[in-house]
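Understanding the architecture of this molecule
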Number of protein chains: 4
Amino acid sequence: MKKEIMSPAMKTEGKGVKVFYGEYVNEDYLFGYISRIIYGESGLQNIYILEHKFWGRLLFINNNLQFTSRDEFVYHEALVHIPIQSAPEGFIKRVLICGGGDFGAAREALKYPSVQEVIIVDIDPKIPKLVREYFPELLPEDPEDKRLKLITEDAYVIVNQYLQEEKTFDLIIIDSTDPDIGETTQELSHALFGVDFHAKLKKICPTGIIVQQCGTPFTMKNILTGVYRIYKEVYPEEEIYIYRANVPSFGSDNAFIMKCPFKNPQFPKGIELSNTRYYTFEIHQASFALPKFWKEALEL
Amino acid sequence: MKKEIMSPAMKTEGKGVKVFYGEYVNEDYLFGYISRIIYGESGLQNIYILEHKFWGRLLFINNNLQFTSRDEFVYHEALVHIPIQSAPEGFIKRVLICGGGDFGAAREALKYPSVQEVIIVDIDPKIPKLVREYFPELLPEDPEDKRLKLITEDAYVIVNQYLQEEKTFDLIIIDSTDPDIGETTQELSHALFGVDFHAKLKKICPTGIIVQQCGTPFTMKNILTGVYRIYKEVYPEEEIYIYRANVPSFGSDNAFIMKCPFKNPQFPKGIELSNTRYYTFEIHQASFALPKFWKEALEL
Amino acid sequence: MKKEIMSPAMKTEGKGVKVFYGEYVNEDYLFGYISRIIYGESGLQNIYILEHKFWGRLLFINNNLQFTSRDEFVYHEALVHIPIQSAPEGFIKRVLICGGGDFGAAREALKYPSVQEVIIVDIDPKIPKLVREYFPELLPEDPEDKRLKLITEDAYVIVNQYLQEEKTFDLIIIDSTDPDIGETTQELSHALFGVDFHAKLKKICPTGIIVQQCGTPFTMKNILTGVYRIYKEVYPEEEIYIYRANVPSFGSDNAFIMKCPFKNPQFPKGIELSNTRYYTFEIHQASFALPKFWKEALEL
Amino acid sequence: MKKEIMSPAMKTEGKGVKVFYGEYVNEDYLFGYISRIIYGESGLQNIYILEHKFWGRLLFINNNLQFTSRDEFVYHEALVHIPIQSAPEGFIKRVLICGGGDFGAAREALKYPSVQEVIIVDIDPKIPKLVREYFPELLPEDPEDKRLKLITEDAYVIVNQYLQEEKTFDLIIIDSTDPDIGETTQELSHALFGVDFHAKLKKICPTGIIVQQCGTPFTMKNILTGVYRIYKEVYPEEEIYIYRANVPSFGSDNAFIMKCPFKNPQFPKGIELSNTRYYTFEIHQASFALPKFWKEALEL
């Protein structure tokens with residue numbers, strides 16, 4: 001049989017551009033996705049959506065994977081249920097989400113009937129729009145839930161406004177892209193992640209919980225240590241807690257930091273919901289145990 | 001010394017998103033670029049621009065690399081100088097470029113003082129805009145050259161209009177993304193690459209040259225064989241010529257097909273320009289020599 | 001200035017072959033290492049050692065990353081300290097490691113002064129040799145520790161021999177490459193991971209602990225569910241425990257399964273060592289908390 | 001339907017290790033092969049053999065792809081037929097191949113009945129062994145061809161011996177891995193590629209042709225310019241010719257340099273063989289036409 005020399009062109013299949021997309025995790029280390037870029041834009045933020053056989057869909061903002069449709073529930077459940085269950089049952093009524101335009105955190109918070117109001121303040125109007133089109137599973141169970149309000153604005157501006165209006169919250173969730181925090185400096189690249197911003201949050205959330213996601217410290221240690229420094233500057237040290245969750249698509253464990261005025265937040269205080277896929281009371285407690293090398297990095 | 005366990009986050013450098021971008025060339029075979037995506041959009045066409053240490057900038061449309069700033073000159077010189085020099089000196093006065101919104105082909109054609117008019121008809125208004133911003137080196141030496149006209153329209157529509165106006169050309173260049181041509185069928189995915197379109201071109205270019213780029217047949221054989229079949233259906237077989245050029249970023253040799261009514265096009269007939277970087281009269285002649293496996297695939 | 005067209009060849013730097021090495025984690029999903037292959041062989045097992053800027057050195061056997069020099073301690077500490085601390089203080093005296101030719105598990109076990117004997121039985125003589133050359137940090141603190149014995153042999157054969165000799169152990173660690181366990185079948189590809197083998201282990205470890213690593217269930221669920229099925233067949237169900245650890249280079253959490261006759265293994269029973277980098281008593285307890293989707297997959 | 005969270009492990013398929021193997025072509029630019037490493041060793045040379053859906057099998061020595069089973073014929077035909085056909089018919093009787101342990105060049109030379117003796121001198125005994133096992137198509141049509149002799153030895157040593165024996169050749173082919181030649185220095189990393197070695201070759205091939213492969217100058221300019229400098233130092237300038245061939249798996253055109261005492265080597269002088277797949281007399285002539293930027297780099 002005669003061997004073929006030339007080959008026909010690969011067939012175009014499906015939507016978007018088939019590529020190998022390699023996301024940098026650390027120096028010379030990447031997560032590689034053989035996938036299709038089904039959405040791309042380089043506007044206010046660089047946004048790319050990939051369609052992938054294993055992960056489902058992936059949303060990248062700027063340099064970083066935000067979530068995949070396969071495992072986003074881990075991140076969002078850890079971000080939301082741990083603070084809510086750290087408070088006495090029924091305490092959390094008003095929730096402010098800074099960032100979080102993907103609805104995932106709101107979806108989790110709205111699972112509690114005692115929650116009366118959830119406000120998302122996200123600067124980029126594209127994210128909610130794209131989630132509605134490409135990630136409908138992140139929307140609240142009732143997409144028309146009257147308790148939910150979406151504001152397209154810089155959270156800094158809105159927080160100032162609430163400060164003037166003397167509006168307060170029981171839970172503030174900072175669910176943003178990873179901040180750009182230097183190792184040795186307290187100056188932050190972005191206004192939202194500074195001492196200044198937290199000083200304001202403290203005022204509009206005087207008796208509640210303020211939680212912030214802090215990336216994966218194994219590959220971005222300075223984000224956790226930087227935010228921890230800020231928390232210590234603004235909040236009483238004995239009210240600061242760090243916990244973690246393994247979001248498979250993030251690789252190593254993700255860190256979260258929480259200002260919580262309630263004692264022993266590692267013991268959940270509410271009623272366990274049945275409609276979670278990651279979170280349980282057992283997981284709640286275990287989340288606060290930190291590897292020795294985390295504690296050393298944090299000088300705990 | 002204590003070994004470091006955690007690592008700080010990678011610093012953001014420069015514009016855009018640092019990724020490993022792997023372009024599929026054939027099954028399980030990719031060209032990989034460690035680079036920044038500095039422009040992305042998923043509109044009329046999927047357009048991505050990468051910034052790369054070795055290649056400079058790269059423009060991708062849909063699945064395919066269009067050109068890099070380092071070696072685009074090879075492609076554009078082969079596409080333009082070979083047909084122009086195949087005609088008697090001074091013959092080529094009016095040039096129509098179907099596609100070619102990147103200006104590269106126009107830039108080469110305008111190097112001939114005898115060329116009086118170059119019309120680019122490209123359906124996508126984004127390409128000229130992006131080239132002006134990201135690839136200014138593709139613009140004509142005199143960007144205000146009065147001989148150049150850019151029309152944003154489907155070439156099919158414009159050709160019909162010229163047909164009615166009885167406007168004719170001496171050279172038509174089809175400088176488009178790779179057509180989607182099946183191996184066994186004469187039906188073409190895109191109107192521009194069919195017998196029908198060429199039948200019209202033949203009428204508005206009755207005594208001139210019609211050249212079309214045909215991809216890299218080693219990895220997309222069916223494009224060359226498909227376009228060749230169409231040429232044979234529309235043009236006299238003895239006026240059809242195939243030539244090639246090695247554009248380094250394309251990998252294997254790129255094919256071009258030309259309907260040329262002038263005898264012995266392999267011998268250049270004009271005056272050799274000095275402002276080329278790839279093309280010479282020697283190269284002109286050599287371009288027409290095809291590897292044996294090409295001739296076998298084409299049944300030549 | 002004239003733009004450079006050609007480029008000089010890349011300089012050879014350092015030892016080995018600079019490549020992008022992409023390890024498949026799941027379908028179309030890879031961990032990519034820009035690194036040097038400093039050792040390669042395709043003998044009894046396919047063994048590759050990479051040198052990498054972030055991870056240090058990485059050892060691959062067959063399809064899978066075994067460990068990196070940066071974070072192997074997490075895996076080895078979880079594999080060893082959790083079982084040892086689950087037993088009453090001083091109980092673990094004789095340790096058998098099936099596989100584990102990399103010395104990492106032995107290094108951890110030998111940290112306990114009460115441990116009197118550690119036997120490694122690894123079929124591949126290359127692994128200890130390569131670890132001595134490329135990963136000396138995995139060797140025991142005292143490389144000449146008289147308590148350690150290395151046997152190059154199939155563990156199945158040695159276990160049979162111990163069975164006849166009526167030699168017993170207090171702790172058996174199965175520290176091997178991931179077994180090849182089908183989802184629906186109880187037949188195992190490799191003799192070491194079957195009911196048969198565990199039935200023998202049970203006899204030579206009648207009152208002790210038997211621990212086995214089970215890969216990362218998020219991307220290889222069947223290994224954990226398969227080994228769990230075998231444990232349930234061989235050991236009393238109430239003595240079976242599953243725990244997890246996040247080894248950053250493995251991506252998602254790694255699973256471990258343990259037959260432990262001592263009650264409440266989640267509460268450590270010994271004296272906390274100071275020379276660990278991951279393990280603490282807090283971590284010990286938290287390791288037994290499983291995400292809800294793990295429990296569902298295991299029907300717990 | 002309940003969405004799957006965990007996934008079973010990927011099935012092991014076929015031989016070897018499935019990886020994404022990215023070969024560096026230039027800075028931040030790679031050719032990526034999704035393939036299996038079916039052979040690896042890090043001995044005298046780093047040798048890797050990949051099995052690939054499109055390319056068939058690929059042999060890598062040290063940093064560089066040597067050939068693929070799909071397109072090696074282009075390289076070997078260009079390397080051998082162009083020099084042989086540059087000499088008067090029947091002139092080439094005794095051929096020495098320095099390197100070339102893969103048999104590919106020998107296979108081509110042995111196609112000429114007038115060739116009486118082909119000696120391969122390759123330092124690495126592994127290459128012929130591996131080619132026999134993994135690339136049998138590179139062996140001569142008659143693998144027991146009595147005209148062929150394989151010597152496992154440093155070519156430098158053997159050339160010295162021939163010099164003393166006053167043995168001469170009509171054609172010497174240097175078919176080696178890319179030499180390590182600095183841009184600004186005339187000192188060569190490897191004895192085989194120096195003025196000294198060529199001075200000896202000149203003596204054992206006083207009236208014949210000496211051809212050497214020179215890599216792909218677009219991405220490794222210094223190899224061609226370096227070898228050209230050596231040729232000019234050793235051989236009469238008017239007997240030096242450069243030619244090229246597009247080997248698809250190499251990306252850009254490969255360069256060859258030839259010392260040829262016969263006039264007008266671009267015009268083939270022998271009888272055209274029918275059993276080639278790349279080479280024709282037309283290709284022969286065209287191979288000597290160099291792009292303008294090559295000539296500028298070579299100051300031609």
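Residues numbered from 1 in each chain as written. Chains lettered and ligands numbered in written order. Predicted model: local features only at pLDDT ≥ 70, side-chain atom pairs only at ≥ 80, totals over all residues. Heavy atoms only, no water.

**So, the relation of the copies chain A and chain B**
Two chain copies here: they are related by a rotation about an axis and a translation along the same axis. Condition: Our superposition of the copies is a least-squares fit, built on the C-alpha atoms of residues whose pLDDT is at least 70 in both.
Rotating chain A by 180 degrees and translating it 0.0 Å along the rotation axis places it on chain B, where the RMSD comes to 0.0 Å. Each copy turns onto its partner about a two-fold axis.

**Observations regarding the relation of the copies chain C and chain A**
Note the threshold: In this analysis, two residues are considered to be in contact whenever any of their non-hydrogen atoms come within 4.5 Å of each other.
Mapping chain C onto chain A calls for a rotation angle of 180 degrees and an axial translation of 0.0 Å; the resulting RMSD is 0.0 Å. Same-surface contact between copies: 100% of interface residues of chain C are shared with the interface of chain A.

**What about the sheet that holds strand 6 (residues 94-99) of chain C?**
All names here are of chain C. The condition is simple: The rule for pairing is simple: two strands pair if DSSP sees at least two bridges between them. Only DSSP runs of H or I covering at least 4 residues are called helices, and only runs of E covering at least 2 are called strands; the numbering of each starts at the N terminus. Axis lines are fitted to C-alpha atoms, over the contacting stretch for helices. Their N-to-C directions set the angle, which ranges from 0 to 180 degrees.
Spatial ordering of the open sheet is given by 8-7-6-9-10-12-11, a layout of 7 strands whose pairing is mixed. Edge positions in the open sheet fall to strand 8 (148-152) and strand 11 (240-245), since each of these has one partner strand only. Averaged over all adjacent pairs, the angle separating strand axes in this sheet is 15 degrees, with direction ignored. Sheet topology places strand 9 (residues 171-175) next to strand 10 (residues 209-213); 4 bridges connect them, and they run parallel. Paired with I174 across the bridge in strand 10 is Q212.

**So, the interface of chain A and chain B**
Many authors give the size of an interface as the accessible area that is lost as the parts come together. Rules: For any pair of parts, buried area is found by adding up, for both, the accessible area (1.4 Å probe) each one loses once the two are put together. Think of a salt bridge as a Lys or Arg side-chain nitrogen and an Asp or Glu carboxyl oxygen that are within 4 Å of each other. Contacts described as polar in this section are N or O atom pairs within 3.5 Å, which, within protein, must combine one atom able to donate a hydrogen with one able to accept it, while residues neighboring in sequence count only if both atoms come from side chains.
Counting residues at the interface gives 44 residues for chain A, matched by 44 residues for chain B. Here chain A and chain B share an interface that buries about 3700 Å² over both sides, 60% of which is from carbon and sulfur atoms. Taken together, the links from chain A to chain B amount to 2 salt bridges. At the boundary of chain A with chain B, the tally comes to 16 residue pairs in polar contact (both at pLDDT 80 or more). If you list the elements that add at least two residues to the side of chain A that touches chain B, you get strand 1 (17-26), strand 2 (29-42), strand 3 (46-52), helix 6 (217-234) and helix 8 (292-298) of chain A. Here the side of chain A that touches chain B gets 9 residues from one element, more than from any other, and that element is strand 1 of chain A.

**Considerations on the UniProt feature "binding site: S-methyl-5'-thioadenosine" (unreviewed entry) in chain A**
Residues and elements named next belong to chain A. Basically, it comes down to this: UniProt positions are given in the numbering used here, feature names are shortened, and annotations may be inferred rather than shown by experiment. Each residue is placed in one exposure class: buried if its accessible area under a 1.4 Å probe, protein chains only, is under 20% of its type's maximum, exposed if it is over 50%, and partly exposed if it falls in between.
According to UniProt, the positions carrying the feature "binding site: S-methyl-5'-thioadenosine" (unreviewed entry) are Q45, D122, D154 and A155. Within the secondary structure layout, D154 lies in the loop between strand 8 (148-152) and helix 4 (155-165). Those residues within four positions of D154 in sequence are excluded, and the remaining contacts are V121, I123 and L192. When you line up the elements, A155 lands in helix 4. Residue A155 is classed as buried on the basis of its relative accessible area, which comes to 5%.

**Observations regarding the sheet that holds strand 8 (residues 148-152) of chain D**
Residue and element names in this part refer to chain D. In spatial order, the strands read 8-7-6-9-10-12-11; together these 7 strands make up an open sheet with mixed pairing. Single-partner strands in this sheet number two, and they are strand 8 and strand 11 (240-245). Direction aside, neighbouring strands of the sheet carry axes that sit 15 degrees apart on average. Two strands pair when backbone bridges link them, and strand 6 (residues 94-99) and strand 9 (residues 171-175) are joined in this way by 5 bridges, in the parallel orientation. Counted as the bridge partner of I97 is I173 from strand 9. Running at roughly 0 degrees to strand 12 (residues 254-259), helix 6 (residues 221-234) makes contact with strand 10 (209-213), strand 11 and strand 12 of the sheet.

**Side note on the interface of chain C and chain A**
Condition: Each residue is assigned to one of three groups, with Ala, Val, Leu, Ile, Met, Phe, Trp, Tyr, Cys and Pro labelled nonpolar, Asp, Glu, Lys and Arg labelled charged, and all others, Gly among them, labelled polar.
Residue-level contacts link 46 residues of chain C with 46 residues of chain A. A buried area of about 3700 Å², summed over both sides, lies between chain C and chain A, and 61% of it is on carbon and sulfur atoms. Counting the contacts that link chain C with chain A gives 4 salt bridges. Close ionic contact of E27 of chain C with K53 of chain A constitutes a salt bridge, the shortest N to O distance being 3.5 Å. Taken together, the links from chain C to chain A amount to 19 residue pairs in polar contact (both at pLDDT 80 or more). Looking at the side of chain C that touches chain A, the elements with two or more residues in it are strand 1 (17-26), strand 2 (29-42), helix 1 (72-86), helix 7 (281-286) and helix 8 (292-298) of chain C. Residue composition of the side of chain C that touches chain A, by class: 23 nonpolar, 12 polar and 11 charged. Relative to strand 2 of chain C, strand 2 of chain A runs antiparallel, the two sharing 5 bridges.

**Some points on the nonpolar core**
Rule in force here: For this analysis, a nonpolar core means a set of buried residues of the types Ala, Val, Leu, Ile, Met, Phe, Trp, Tyr and Cys, connected via side-chain atoms within 4.5 Å.
In terms of nonpolar packing, the biggest core is built from 447 residues, with Y21 of chain A, Y21 of chain B, Y21 of chain C together with Y21 of chain D touching the most fellow members. Ranked by the residues each element gives to this core, the list is headed by helix 6 of chain A, at 9 residues. Setting aside its immediate chain neighbours within four residues, Y21 of chain D contacts V17, V19, F20 and I37 of chain C together with F31, G32, Y33, S35, I37, Y48, L50 and F60 of chain D. L30 and I34 of chain B together with Y24 and I34 of chain D belong to the second largest nonpolar core, which has 16 residues in total.

**Focus: the packing of aromatic side chains**
The criterion, for reference: Centres within 6.5 Å are what make two rings of Phe, Tyr or Trp a pair, Trp counting through its six-membered ring; a difference in plane orientation under 30 degrees is then read as stacked, over 60 as edge-to-face, and the rest as tilted. For a ring to carry a charge above it, either NZ of a lysine or CZ of an arginine must fall within 6 Å of the ring centroid while also lying within 35 degrees of the normal to the ring plane.
Across all of its chains, the model carries 107 aromatic pairs over all chains by this definition. Between Y29 of chain B and W55 of chain D, the aromatic rings sit 5.1 Å apart at their centres with planes inclined by 90 degrees, giving edge-to-face as the arrangement. Residue Y29 of chain B is found in strand 2 (residues 29-42), and its partner W55 of chain D is found in the loop between strand 3 (46-52) and strand 4 (56-61); the two belong to separate chains. Residues Y29 of chain B and W55 of chain D agree in their burial class; the two are buried. In this structure, K18 of chain A packs its charged tip against the face of Y24 of chain B, placed 4.4 Å from the ring centre.

**Comments concerning the pattern of salt bridges**
Applying the stated criterion across every chain yields a total of 48 salt bridges over all chains. Of the charged contacts in the structure, one is a salt bridge between R107 of chain B and E108 of chain B, with a shortest N-O distance of 3.0 Å. Here E117 of chain D ties to K167 of chain D by a salt bridge, and the two come within 3.1 Å at their closest N and O atoms. With a gap of 50 residues between them, E117 of chain D in strand 7 (residues 117-122) and K167 of chain D in the loop between helix 4 (155-165) and strand 9 connect regions that are remote in the sequence. By relative accessible area, which is 22% here, K167 of chain D ends up partly exposed. Residues joined by salt bridges that share partners form a network here, namely E72, R107, E108 and K111 of chain A.

**A word on the packing of helix 4 of chain A against helix 5 (residues 195-204) of chain A**
Residue and element names in this part refer to chain A. Which entries qualify depends on this criterion: Should an angle lie under 35 degrees it is considered roughly parallel, over 145 roughly antiparallel, and from 65 to 115 roughly perpendicular; all remaining angles are considered oblique. Less than a right angle of anticlockwise turn of the near helix away from the far helix marks a crossing as left-handed, whereas a clockwise turn marks it as right-handed.
Closest axis-to-axis distance for the helix 4/helix 5 pair is 10 Å, and the angle between their directions is 40 degrees. Overall, the two elements helix 4 and helix 5 adopt an arrangement that is oblique. Considering how the two elements wind past one another, helix 4 and helix 5 form a crossing that is left-handed. Facing A155, Y156, V159, N160, Y162 and L163 of helix 4, the residues of helix 5 in contact are D196, F197, K200, L201, K203 and I204. Of the residues that constitute the contact of helix 4 with helix 5, the class distribution is 8 nonpolar, 1 polar and 3 charged.

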